[in-house]
Amino acid sequence: MKQILLDRSGKKFLLQTTDCSYGLGISPATGLPIHLHFGKQLNSPNELPSPDERQNIAHIRETRRRHTFQEYPAFHSALYSESCLLALHASGARGTRLEFDSFQLREGRNSEILELLLVDKLHQLFVTLVYTVYADSPLLDRRAVIRNGGTAPVTLQQAFSASLPLPWSDTPDRITHLHGHWAAEGQIAHTVLEAGKLVLESRTGLSGPFAMPFFAVDDGSATEESGDLIFGTLQWSGNWKIVVERNDNIDSVISGGINDFDFQWNLLPGAVFETPAFTFGFAEHGFGDMFRKIHRHIRTHIEPESTRGKVMPLICNTYGAFRSSEKMNAANTERAIQKAAALGAELFVFDAGWQETLGDWTAHHSKFHGTIRPQAELAHRLGMKFGVWAELESADRTSSIFRDHREWFMQYPDQFPADDELDDSASGRMLLNLTLPEVEEHLYRALDSLICENELDYFKLDMNRLFTHPGSPVPLPEGEQSFGTRYVQALYRIFERIRRNHPDLLLENCACGNFRSDWGFDRFAFRINRSDNQEGLDMIKLHEGFLCLHQTKAAGGGCHISDHYFFDFNQREVPRRFQAFAGMLGSLSIGVDLTRADPEVMESLRRYGALYKKLRPTVQNGLYYRIASCYDHPYACYEFVAPDRSEAVVFFFAHGLQLQQRLPAFRLRGLDDQARYASTLYGALAGDGCTPTELPERLGRQLAVFGIDMQLHGDLDCRIVHLKRKDD
């Protein structure tokens, strides 16, 4: 199917994803691209309304009407809503009058690309709107490329990626978004907007944690299985902003891109500024349809190719056992590596505590005798992969890099940060200034050497500081307020080189938990620390929000199963079965102190690991169905169905059930109605999560109509049902 269709005039464009249509046209009155449609699939651009029909709002003045439904509004004339572009020209003028000049169609990788060139003739500012439509995805990307074709600098004070007018409704918009803080990242919130603006943003230098770059909008009637939704995410790892604006009786618009807070970019003559991609999608079958479309796009266009279609290894991580203490040493880790291999672990990870200092990424001289190569070799001999943690972007004040290169750290030209001005999440640490080319090169070489010298299979990048002094002692060509943008660009360049040179390296993105939660960095680091909070009950709630932006197998962390780490968050004891089943929703890791584990504990971990390996192909690469949400009930049910419908895995969790509460039948989705499924239940025996109990065979249609009657009780109860299609 051709992805981009034109009408005969060449002034109306219909963009066809696998499941929906996006239409725009050039206004004959203003020469501006006008949004015409985003939603259910059309067959031809001739079915689209004209720009004049779209802008026919009788009760407002002509000058204002002409500014409605723009694809990329630049500040000019009677535009009173959010601008995508605000430019200060050399003359002092702040108005930018863009007009359509030409378009170009070109082929991309499994995609078609439409480029619309808009020109401000007076100031010779050229803006190219780029639309990427994929042959195998229901989502599309939008971004803007801004070029200064004049002879004087232009100062960009706002440069968003895109604006998307929404279908008008006389009911308020309901915006679903993600909010949180440390140990509570990515919680789902719903905000009703009747009039005015809802601003979602990050100003921390990272893409989280107080908000995450995701939105979904509906008219308030969408459910899990029905209703129209428009949703999107910004592919950016720094400060971002998404604005949902509802002007009474005129329109509703979503705009977004790099945050205009502390942003300014001096665009020199001949220079180009590219915005990050803003990805949009449409779902006509509720939130469940949205989840599955997001995950489909991630699997085909965001996830690194080295992990696509594969499963995540069973991990043993040192942090829950040793933290950064003296116990994190060569002798203890070697014993732990041997026992990890015995229980079936596939990857052993050195978390914090192996290094001499933050900033000097060498092994601790007394705890590891200056090298971790022997431990890496031991893991490899025993058939496991090996990886380490590092917080590359930070350094301790005791490090040699701090002593030798104070000018390499974030600081304002006349102000070096005092201890009491730093983000208190990691007192005494300083953030490196990646906008300096020598720092960018140093970090790349440090990481590349660490990987090569220790033959690493895995690397966990941490970042435990938010920006407090986003400045440089060296003047930046694009101005001081280009710092945050240049920092992210440098970070991307480092990991583009790492990914190119080490394509099979498994990278985990950990930033004080899940503070850097976005598709911009997911392209490099596919395993993501869902949160430092790995308490089983909290994990379930965090996982629902996580799946708004990521697929389930990416949900990382180091201590899903632990001796005591979970207790730190809510002072609550969580049974090992509940820990393990919650961990199996994602990429399972074991944080137990294996050096002290007795044979009974080892056997329990071995069996949970074996069950994880059995279920993970379906869970990690299957289609996700949220049967019952923990946001709505004291119980939850999540189903994962293999793409060919040959298997399904269903998780059941409950906590706080009272008064002999009877649970409803959990009606499954996505199965083959005519197929007969064998069912195996795990978790039915007290204290034992791995002994299977066979259930009666049932047709897929029976499971959809009558469901599974699963009785859970009291607190922290859980079950898993594994369904396998019976071949005739």
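Details of the structure are given in the entry above.
All figures in this text were calculated on a predicted structure; none of them were measured in a lab. (Residues numbered from 1 in each chain as written. Predicted model: local features only at pLDDT ≥ 70, side-chain atom pairs only at ≥ 80, totals over all residues. Heavy atoms only, no water.)

Draft legend 1. Region of the structure containing the pairing of strand S11 (residues 173-179). In terms of burial, S11 is largely enclosed, as six of its seven residues are buried. Note that S11 and strand S14 (residues 214-218) share three bridges and pair antiparallel. Residue pairing in the sheet places Thr176 in a bridge with Ala216 of S14. (Buried < 20%, exposed > 50% of the residue type's maximum accessible area, 1.4 Å probe, protein only. Helix = DSSP H or I, 4+ residues; strand = E, 2+ residues; numbered from the N terminus. Pairing = 2+ DSSP bridges.)

Draft legend 2. Just the sheet that holds strand S34 (residues 635-641), in detail. Spatial ordering of the open sheet is given by S33-S34-S35-S38-S36-S37, a layout of six strands whose pairing is antiparallel. Edge strands, defined here as strands with exactly one partner in the open sheet, are strand S33 (623-628) and strand S37 (692-699). Averaged over all adjacent pairs, the angle separating strand axes in this sheet is 20°, with direction ignored. Relative to S37, strand S36 (residues 676-682) runs antiparallel, the two being bridged by six bridges. Within S37, the position partnered with Tyr677 by the bridge is Arg698. Together, strand S35 (647-654), S36 and strand S38 (717-725) form the strand contacts of helix H13 (residues 576-583), whose direction differs from that of S38 by roughly 45°. (Axes fitted to C-alpha atoms, helices over the stretch in contact; angles between N-to-C directions. Contact = heavy atoms within 4.5 Å.)

Draft legend 3. Spatial organisation of helix H5 (residues 330-343). Here H5 spans 20 Å end to end across 14 residues, near enough to the 20 Å set by a 1.5 Å rise per residue. Turning to H5, its buried residues number three or more, namely Ala330, Asn332, Thr333, Ala336, Ile337, Ala340 and Leu343. Along H5, the residues classed as buried sweep out an arc of 155° about the axis, all on the same side. Those residues of H5 that are buried are in contact with strand S21 (315-317), helix H4 (319-322), strand S22 (347-350), helix H6 (373-381), strand S32 (589-590) and helix H14 (599-621). At the exit of H5 stands Gly344, carrying a positive phi of roughly 100°. (Expected span 1.5 Å × (residues − 1). Arc of directions from axis to C-beta.)

Draft legend 4. Spatial organisation of the pattern of salt bridges. Here the structure, examined in full by the defined rule, presents 40 salt bridges. In this structure, the salt-bridge partner of Asp717 is Arg719, at a minimum N-O distance of 2.6 Å. What makes Arg719 buried here is its relative accessible area of 9%. Each of Asp19, Asp289, Lys293 and Arg296 takes part in one network of salt bridges that share partners. (Salt bridge = Lys/Arg side-chain N within 4 Å of Asp/Glu carboxyl O.)

Draft legend 5. Quick look at the layout of surface pockets. Considered as a void within the structure, the largest pocket measures approximately 820 Å³ in volume. The element best represented in the lining of the largest pocket is helix H3 (residues 286-302), accounting for four residues. Here the lining of the largest pocket is composed, by residue class, of seven nonpolar, nine polar and eight charged. Contributing to the lining of the second largest pocket are 29 residues, with Tyr319, Ala352, Asp462, Asn464 and Asp532 lying nearest its centre. For the lining of the second largest pocket, the secondary structure elements donating two or more residues are strand S23 (355-357) and helix H12 (567-570). For the lining of the second largest pocket, the residue count by class is 10 nonpolar, nine polar and 10 charged. (1 Å grid on protein atoms, 1.4 Å probe; cavity = no way out; pocket = protein on both sides within 12 Å on 5 of 7 lines; lining within 4 Å. Points joined across faces, edges and corners; volume = space filled by probe spheres on them. Nonpolar A, V, L, I, M, F, W, Y, C, P; charged D, E, K, R; others polar.)

Draft legend 6. Broad picture of the packing of aromatic side chains. In the structure shown here, the tally under the stated rule is 36 aromatic pairs. A ring pair is formed by Tyr319 and Tyr565, whose centres lie 6.2 Å apart and whose planes are at 80°; its orientation type is edge-to-face. A residue pair is termed long-range when its members are at least 10 positions apart, and Tyr319 in helix H4 and Tyr565 in the loop between strand S31 (555-556) and H12 qualify at 246 residues. With relative accessibility at 26%, the residue Tyr319 sits in the partly exposed group. Judged by relative accessible area, which is 8%, Tyr565 ranks as buried. Each member of the aromatic cluster is reached from another via a ring pair, and the members are Phe291, Phe578, Tyr624, Tyr638, Phe640, Phe651 and Phe653. Looking at Arg54, its charged tip hangs above the ring of Phe69, at a distance of 4.1 Å from the centre. Against the face of Tyr492 rests Arg523, its NZ or CZ located 5.2 Å from the ring centre. (Phe/Tyr/Trp six-rings, centres within 6.5 Å; stacked < 30°, edge-to-face > 60°. Lys NZ or Arg CZ within 6 Å of the ring centre and 35° of its normal.)

Draft legend 7. Spotlight on the environment of His564. By the secondary structure assignment, His564 is in the loop between S31 and H12. As for His564 and Val592, which are separated by 28 residues in sequence, their C-alpha atoms are 8.3 Å apart. If sequence neighbours within four positions are ignored, His564 has contacts with Gly320 and Arg323.

Draft legend 8. Region of the structure containing the nonpolar core. In terms of nonpolar packing, the biggest core is built from 204 residues, with Trp354 and Met584 touching the most fellow members. Per element, the largest residue contribution to this core is nine residues, and it comes from helix H9 (residues 483-501). The contact partners of Trp354, leaving out residues within four places of it in the chain, are Met328, Trp361, Thr362, Ala363, His364, Phe368, Ile372, Val388, Trp389 and Leu450. (Core = buried A, V, L, I, M, F, W, Y, C linked by side-chain atoms within 4.5 Å.)

Draft legend 9. Here's a closer look at the sheet that holds strand S3 (residues 21-26). Strand order in the open sheet formed by four strands is S1-S2-S3-S4, and the pairing between neighbours is antiparallel. Taken across any chain shown, the strands that pair with only one partner, and hence form the sheet edges, are strand S1 (4-6) and strand S4 (33-39). Mean inter-strand twist for the sheet, computed between neighbouring axes without regard to direction, equals 20°. Relative to S3, strand S2 (residues 12-16) is paired through five bridges, and the arrangement is antiparallel. The partner of Leu15 across the bridge, within S3, is Tyr22.

Draft legend 10. Highlighting the packing of H5 against H14. Closest axis-to-axis distance for the H5/H14 pair is 9 Å, and the angle between their directions is 55°. Considering their axes alone, H5 and H14 lie oblique with respect to each other. Residues Lys339, Ala342 and Leu343 of H5 form the contact with H14, whose participating residues are Met602, Leu605 and Arg606. Split into classes, the residues belonging to the contact of H5 with H14 amount to four nonpolar, no polar and two charged. (Parallel < 35°, antiparallel > 145°, perpendicular 65-115°, else oblique.)

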